[in-house]
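Residue-level structure breakdown
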Amino acid sequence: MAVRDRDRFSTATRIRALGEQTAARVYRSQTKRQARRSRLTGRAALLVMVICSLVVVLAYPIRQYVAQRAEIAELQREKEQARQRVEDLRDLKARWQDDAYAEQQIRQRLHYVMPGETGYIVVDPGAAEQSRAGLGAAGRPWYRTLWDGVDKADAATSHQ
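The model shown is predicted, which means the values in this text are computed figures rather than measured ones.

Here we take up the overall build of the protein. Across its full length, the protein carries five helices and zero strands. Secondary structure of the protein in N-to-C order comes out as α-α-α-α-α. Looking at the protein as a whole, 2% of its 160 residues are labelled buried. Accessible surface computed for the protein: about 15100 Å², of which carbon and sulfur atoms make up 60%.

Following this line, the structure appears as structure tokens:
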């Protein structure tokens, strides 16, 4: 027994026992993992297939629903704008029914004056210069523009 007790406490015996225990643990954990994998793989595949089929089946109707909701919102916005435009036109029509408003607009837009009044139009010289500069070729006589066009055509043919 003394040899056996001494052998039980030897380093080699302890290492061998630890190795066997570790191997047993690894074997048990691998078998548990394999058992779990085999059970969950089928379930996971089925779950993935169900989710994919739901996505495929519901994708088009959901897209149509969202598109129709956006179209409805756009049509409601257009309806509100049209209603506001009709309301503005009714207000304008009611204003034109008033003789005082019509007279004011005629005086302002057409520069009419009542009998006995003297009408004056004040011309801003700066505005006239700006309008002439903005016209460019339109402010020149037609024959000048025509002649410039002939000169440009002649210059284009001489360069070729």
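From this point on, the discussion continues.
Moving on, we come to the packing of aromatic side chains. With the rule as written, the count across this model stands at two aromatic pairs. With 5.4 Å between their ring centres and 85° between their planes, Trp96 and Tyr101 make a pair best called edge-to-face. Plain terms: the ring middles of Trp142 and Tyr143 are 6.0 Å apart, the flat faces sit at 85° to each other, and that makes the pair edge-to-face. With respect to burial, Trp142 and Tyr143 carry one shared label: exposed.

The next thing to look at is unusual backbone geometry. Residue His111 is not a glycine yet carries a positive backbone phi of 60°. Examined against the element boundaries, His111 turns out to sit in the loop between helix H3 (99–110) and helix H4 (125–135). A relative accessible area of 52% means that His111 is categorised as exposed.

This brings us to the pattern of salt bridges. Tallied over the entire structure, the rule returns six salt bridges. In this structure, Glu80 engages Arg83 in a salt bridge whose closest nitrogen and oxygen atoms are separated by 2.4 Å. Of the two residues, Glu80 and Arg83 both sit in helix H2 (residues 11–97), three residues apart, roughly one turn of that helix. Of the residues examined, Glu80 reaches a relative accessible area of 40% and is grouped as partly exposed.

Analysis parameters
- Residues numbered from 1 in each chain as written.
- Predicted model: local features only at pLDDT ≥ 70, side-chain atom pairs only at ≥ 80, totals over all residues.
- Heavy atoms only, no water.
- Helix = DSSP H or I, 4+ residues; strand = E, 2+ residues; numbered from the N terminus.
- Buried < 20%, exposed > 50% of the residue type's maximum accessible area, 1.4 Å probe, protein only.
- Areas by Shrake-Rupley, 256 points an atom, 1.4 Å probe, with all protein chains shown as cover.
- Phe/Tyr/Trp six-rings, centres within 6.5 Å; stacked < 30°, edge-to-face > 60°.
- Salt bridge = Lys/Arg side-chain N within 4 Å of Asp/Glu carboxyl O.

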